[in-house]
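Coordinate inspection notes
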Amino acid sequence: EVRVILNDGTPGLSPSIVKGFEAARGEILCCMDGDLQHDVGSLPGVLSEFGGGADFVIGSRYVKGGGFAERWNPCRILISRTATLMARVMLGVRVADPMSGFFAVRRELFEELRPQLSPRGFKIMLELLHLAVNRKGSAIRVVEHGIIFNRRRHGTSKLSARVITQYLQMLLELRRNRQA
């Protein structure tokens, strides 16, 4: 069953994902790129992790079973690794691939975190992950499941100076809120 939902509210990828999650009917909510860089064939493996007790699953390029369908240029690798390092240092996020963008979360956890979200930019997964692991109450189980990151078949990269600036602003805001 597929439904198309128009985001007629706040523009952008993160607000659109939140709107889609709110409209979804399932108990597991999943986000993956529509340009086919995230292989739909990886979805059953990601979803299978919930049977093992996961609350939040990341489709990771940097764990066993993960990788890249084609070699990245050194600049792209540097940007990805720097963004990952910044998330670790500033937010204490201890996963191998916090920049993946391919993730699934239990509806119950999303609904608990939704009031705290400030979705903007492109890194909603990182914001949700940060809120989830730093929430008060019982611990959650985060699992990374290896995926192969494919060559983009449609569209163009979203990376720009504006996106980098939004990412830095998000990191600073999340860090500030964590310390408050």
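The structure reproduced in this document is the subject of the present report. It should be emphasised that the depicted structure is a prediction, and the values quoted were computed from it without experimental measurement. (Residues numbered from 1 in each chain as written. Predicted model: local features only at pLDDT ≥ 70, side-chain atom pairs only at ≥ 80, totals over all residues. Heavy atoms only, no water.)

This paragraph deals with the overall build of the protein. Of the regular secondary structure elements, the protein holds six helices and six strands. For the protein, the sequential pattern of α-helices and β-strands runs α-β-α-β-β-α-β-α-α-β-β-α. Judged by the C-alpha coordinates and their principal axes, the protein covers about 40 × 40 × 35 Å. Put simply, of all contacts in the protein between residues at least 6 apart along the chain, 76% involve residues at least 24 apart. (Helix = DSSP H or I, 4+ residues; strand = E, 2+ residues; numbered from the N terminus. Contact = heavy atoms within 4.5 Å.)

What follows concerns the pattern of salt bridges. Enumeration according to the criterion identifies six salt bridges in this entry. A salt bridge links Asp-97 to Arg-61, with the nearest nitrogen and oxygen atoms 2.7 Å apart. Residue Asp-97 is located in the loop between α3 (74–91) and β4 (103–106), and its partner Arg-61 is located in the loop between β2 (56–60) and β3 (67–68); the two are separated by 36 residues in the primary sequence. Pair check on accessibility: Asp-97 and Arg-61 agree, each one buried. (Salt bridge = Lys/Arg side-chain N within 4 Å of Asp/Glu carboxyl O. Buried < 20%, exposed > 50% of the residue type's maximum accessible area, 1.4 Å probe, protein only.)

Right, let's get into the sheet that holds strand β1 (residues 28–31). The strand order β1-β4-β2-β5 describes an open sheet built from four strands, whose pairing is mixed. Every other strand in the sheet has two partners, leaving β1 and β5 (142–146) as the edge strands with one partner each. Strand after strand, the sheet turns through a mean of 20 degrees between neighbouring axes, direction not considered. Bridging between β1 and β4 involves four bridges; their strand directions are antiparallel. By the bridge assignment, Ile-28 is partnered in β4 with Arg-106. Packed on one face of the sheet, helix α1 (residues 13–23) meets β1 and β4 and runs near 155 degrees to β1. (Pairing = 2+ DSSP bridges. Axes fitted to C-alpha atoms, helices over the stretch in contact; angles between N-to-C directions.)

To continue, consider the packing of aromatic side chains. Overall, the coordinates contain five aromatic pairs when judged by the stated rule. Here Phe-21 and Phe-103 contribute two aromatic rings whose centre-to-centre distance is 5.9 Å and whose plane-to-plane angle is 70 degrees, an arrangement assigned as edge-to-face. Taken together, the residues Phe-21 in helix α1 and Phe-103 in strand β4 connect sequence positions 82 residues apart. The same class applies to Phe-21 as to Phe-103, namely buried. Taking the centre distance of 5.8 Å and the plane angle of 10 degrees together, the rings of Phe-56 and Phe-103 count as stacked. Within this pair, whereas Phe-56 is found in strand β2, its partner Phe-103 is found in strand β4, the two being separated by 47 residues in sequence. We note that Phe-56, like Phe-103, is buried. Here the aromatic residues Phe-21, Phe-56, Phe-103 and Phe-110 are joined through ring pairs into a cluster of three or more. When the ring centre of Phe-149 is taken as reference, the NZ or CZ atom of Arg-61 above it lies at 4.9 Å. (Phe/Tyr/Trp six-rings, centres within 6.5 Å; stacked < 30°, edge-to-face > 60°. Lys NZ or Arg CZ within 6 Å of the ring centre and 35° of its normal.)

The next point concerns a nonpolar patch on the surface. Taken together, the side chains of Ile-79, Leu-159, Ile-164 and Leu-168 define a hydrophobic patch exposed on the protein surface, amounting to about 300 Å² of accessible area. With respect to the secondary-structure elements, Leu-159 resides in the loop between β6 (148–149) and α6 (161–179). (Patch = residues over 30% accessible without salt bridge, like charges linked within 9 Å, V, L, I, M, F, W, Y side chains within 5 Å. Areas by Shrake-Rupley, 256 points an atom, 1.4 Å probe, with all protein chains shown as cover.)

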